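Report on the structure
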2 protein chains.
Amino acid sequence: MVKITDVARRAGVSPSTVSYALSGKRPISDATRRRVQAAVHELGYRADAGRVRAGRGSKVLALAVPMRPGIHVPVMTRLAVSVVTAARAHDHDVLLLTQGDGEEGIGRVAETGLADAVIVTDVQLHDPRLPLLRSRSLLSVPIGVPAEPEGLTCVDLDFRAAGELCVEHLARLGHRVVALVGSPPEVYVRRTAFARRLVEGFTSAADRHRLTSAVHPCGTGREDARALTERLLRELPALTAVVVHNEPLLDPLTDAFERLEVRIPGDLSLTAVCPAPVAAAARLPLTSVAVPSAELGARAVRLLMRKLSGAPVPGATLLPPRLTERASTAPRGV
Amino acid sequence: MVKITDVARRAGVSPSTVSYALSGKRPISDATRRRVQAAVHELGYRADAGRVRAGRGSKVLALAVPMRPGIHVPVMTRLAVSVVTAARAHDHDVLLLTQGDGEEGIGRVAETGLADAVIVTDVQLHDPRLPLLRSRSLLSVPIGVPAEPEGLTCVDLDFRAAGELCVEHLARLGHRVVALVGSPPEVYVRRTAFARRLVEGFTSAADRHRLTSAVHPCGTGREDARALTERLLRELPALTAVVVHNEPLLDPLTDAFERLEVRIPGDLSLTAVCPAPVAAAARLPLTSVAVPSAELGARAVRLLMRKLSGAPVPGATLLPPRLTERASTAPRGV
DNA sequence: TTCACCCGTCGAAGCGCTTCGAAACCGCTT
DNA sequence: AAGCGGTTTCGAAGCGCTTCGACGGGTGAA
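The structure presented is a predicted model; accordingly, all values stated were derived computationally and were not measured.

Each pair of aromatic rings is reported with the distance of its centres and the angle of its planes. Residue and element names in this part refer to chain B. Tallying each qualifying case throughout the model produces two aromatic pairs over all chains. When the ring of Phe-159 is compared with that of Phe-194, the centres are 5.0 Å apart and the planes differ by 55 degrees; the resulting orientation is tilted. Of this pair, Phe-159 sits in helix α7 (residues 159-172) while Phe-194 sits in helix α9 (residues 193-208), and the two are 35 residues apart along the sequence.

Following this line, the structure appears as structure tokens:
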């Protein structure tokens, strides 16, 4: 194994100079740096990984994305990309954790110092990872707000307000019977924070406006969509509006309504909660509340950087939802 | 961070004893070992990422996913997830690189030894990253086969064979005029390896079977789909079959054909090249050649591990394509 | 009882690297 | 010629860990 002293000898400098030349932690003259780099290259030197990060600050962030059934893959992808981009802007790299529950991964990363902070996604109301996140040994920013967010620095879209906003939009259009077509049941069973919050907002706004409302979790397949539409029409014959919080179901659902001769927005108004591009590119452009995945990722990174630098950070950041009208909603009975 | 001396103190032994108890390199009495293990457990000690790992190797893999316009996001996501899963099975973590061109990221990772190997995606025929990948200083596995794959360990679906397979399937069904609806133009401008290879296969098979053929890159929007379908019907009135290698366009395209009263598969047979789940879940289940993203990721990791262990590896692995018949193809004129 | 002989343990040295403090050097001004 | 501020480089100490050599105290044989 070629070591730093070999490089130093070859470059005619001391080991410490090589160390600084490679890490950039102290200024090194251009000439010397070039000689060191040449030596590194010629000898094929590679820093002994362990020690490199002995001094704290590995310049690595972990991103925990539990790939659980029912999560919205495109949302997660956008999030991941924005996190990496933002992290790079702060000279950090991103380690991707996708473990089933993520607990093991986060622990490992914290203990070994592989990463010096972690962004956690798909937060549940009573997330088993919370104790770990609250522990002093690891800085973290959850994207999602658990039941008791004390001691955490959370970021998320205000899903409660998003649910309310959808209902208010529909109520304003004169609709009196609304349904929420939600994510797959397992998402609620896990008590995923954002899904639950949306339901809360939806229900409370519906009550406030004295609307008849129903909530239906739903799988993502075409069969699921078909079954649900039939059931909705049967159980709620007066239904004229739905809110859909289930990205992959959007297309199958509009399709299923179409087959049942239910026109959108003529007979039924549809509001989606999904990333803006998805809503805009749908077969029928959908009125939607945007899930700003990219912004969430960028904000999470920004907060983490502030925490790393020791600056004070807000307890929780809830982005206000924004509704964009497109072609899938209309006043009732027009 | 809890260190070996903490454990030693807790167990009432010397650090060296702890080291031996954990590594098993010298006999340690059962009683002592048990006390050490208890202390380790209570304090949550994890060996500092340096020495335990046999000296070399950071146990981190980099995955370079250039997020360029026109790439197939779901394919990349599947790939990323499978890479992380496979890497974890080999006790490695995954660093996500998404830089524009990826060159800088790969270089950085190689220089700093942050990762000890890298998986490269979205390979172009003349990829600027190739010199870096060929250099001795970094182990790599490109997913994709450049024009000159010498000295590399590539993995990919055999896209040339995939193109041929689609054409042969259609030819066997009696179709005489076929079109390839490709990825967005920028993908070809970059000379992305897999896209170019598919075109080659498509064209050469069409020529071999004396079919009339045409190749059309196409954007991913509904407008693009609409414009393209009209153009196809105008320029190739005898067209009865298309191959689509453009995942996000699948739905808009079938939709556009529908609007022009072109029935699938009655008037037109459609074969897709995309991940199997996408084809199976489409509104009309599509006959397709599967892009096995998950398997590609797993294979790439396996190869990388072999390289890391110094074992010999094959030069290139080309997975044979498999075509699955679904509801979008039929014999001509039925 | 004495003596080899292990087994289990310890102390200390060493590994490759980082990092702190200080020395050496540079081109200027006095 | 000496002094100065700034940059660049070095030497030495230290990090958490492994590993070598040696020590102590039991054992069985003489």
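Next up on the list: the sheet that holds strand β6 (residues 177-181) of chain B. Residue and element names in this part refer to chain B. One open sheet accounts for six strands, arranged β7-β6-β8-β9-β10-β12; its pairing is mixed. This sheet does not close on itself; its edge strands, each paired only once, are β7 (212-216) and β12 (323-324). Inspection of the sheet shows strand β10 (residues 287-290) paired to β12 by two bridges, in the antiparallel sense. Looking at β12, one finds that Val-289 is bridged to Leu-323. Strands β6, β8 (241-244), β9 (269-274), β10 and β12 of the sheet are contacted by α7, whose axis makes an angle of about 165 degrees with β9. The strands touched by helix α10 (residues 222-235) within the sheet are β6, β7 and β8, with β7 carrying the most contacts at an inclination of about 155 degrees.

Strands sit in the order β4(A)-β3(A)-β1(A)-β2(A)-β2(B)-β1(B)-β3(B)-β4(B) across an open sheet of eight strands; the sheet is mixed. Pairing within the sheet leaves two strands with one partner each, and these edge strands are β4 (139-142) of chain A together with β4 (139-142) of chain B. Across the sheet, the mean angle separating the axes of adjacent strands is 25 degrees when strand polarity is ignored. Where strand β3 (residues 117-120) of chain B lies against β4(B), four bridges are found, and the strand directions are parallel. Following the sheet pairing, Val120(B) is matched in β4(B) by Pro142(B). Seen against the sheet, helix α5 (residues 73-89) of chain A touches β1 (60-64), β2 (93-97) and β3 (117-120) of chain A together with β2 (93-97) of chain B and runs at an angle of roughly 150 degrees to β2(A). Seen against the sheet, helix α13 (residues 293-308) of chain B touches β1 (60-64), β3 and β4 of chain B and runs at an angle of roughly 155 degrees to β4(B).

So, about the nonpolar core. Counting residues in hydrophobic clusters, the biggest one holds 100 residues, and the most contacted among them are Leu61(A), Ile119(A) and Ile119(B). By size, the runner-up hydrophobic cluster in this structure holds 36 residues, among which are Leu133(A), Ile106(B), Leu114(B) and Leu152(B).

A few words on the packing of helix α1 (residues 4-11) of chain A against helix α3 (residues 30-43) of chain A. Residue and element names in this part refer to chain A. Where α1 meets α3, the closest approach of the two axes is 9 Å, and the angle between their N-to-C directions is 125 degrees. As summarised for this structure, α1 and α3 are arranged oblique, according to the angle between their axes. Considering only the axes of α1 and α3, their crossing is right-handed. From α1, Asp-6, Val-7, Arg-10 and Ala-11 reach across to α3, where they touch Arg-35, Val-36, Ala-39, Val-40, Glu-42 and Leu-43.

Okay, the side chain of Asp127(B) next. When you line up the elements, Asp127(B) lands in the loop between β3 and α6 (130-134). A polar contact is formed between the side chain of Asp127(B) and the backbone nitrogen of Gln124(B), at a distance of 2.9 Å.

How each quantity is defined
Residues numbered from 1 in each chain as written. Chains lettered and ligands numbered in written order. Predicted model: local features only at pLDDT ≥ 70, side-chain atom pairs only at ≥ 80, totals over all residues. Heavy atoms only, no water. Phe/Tyr/Trp six-rings, centres within 6.5 Å; stacked < 30°, edge-to-face > 60°. Helix = DSSP H or I, 4+ residues; strand = E, 2+ residues; numbered from the N terminus. Pairing = 2+ DSSP bridges. Contact = heavy atoms within 4.5 Å. Axes fitted to C-alpha atoms, helices over the stretch in contact; angles between N-to-C directions. Core = buried A, V, L, I, M, F, W, Y, C linked by side-chain atoms within 4.5 Å. Buried < 20%, exposed > 50% of the residue type's maximum accessible area, 1.4 Å probe, protein only. Parallel < 35°, antiparallel > 145°, perpendicular 65-115°, else oblique. Left-handed = near helix turned anticlockwise from the far one by under 90°. Polar contact = N/O pair within 3.5 Å; in protein donor to acceptor, adjacent residues only side chain to side chain.

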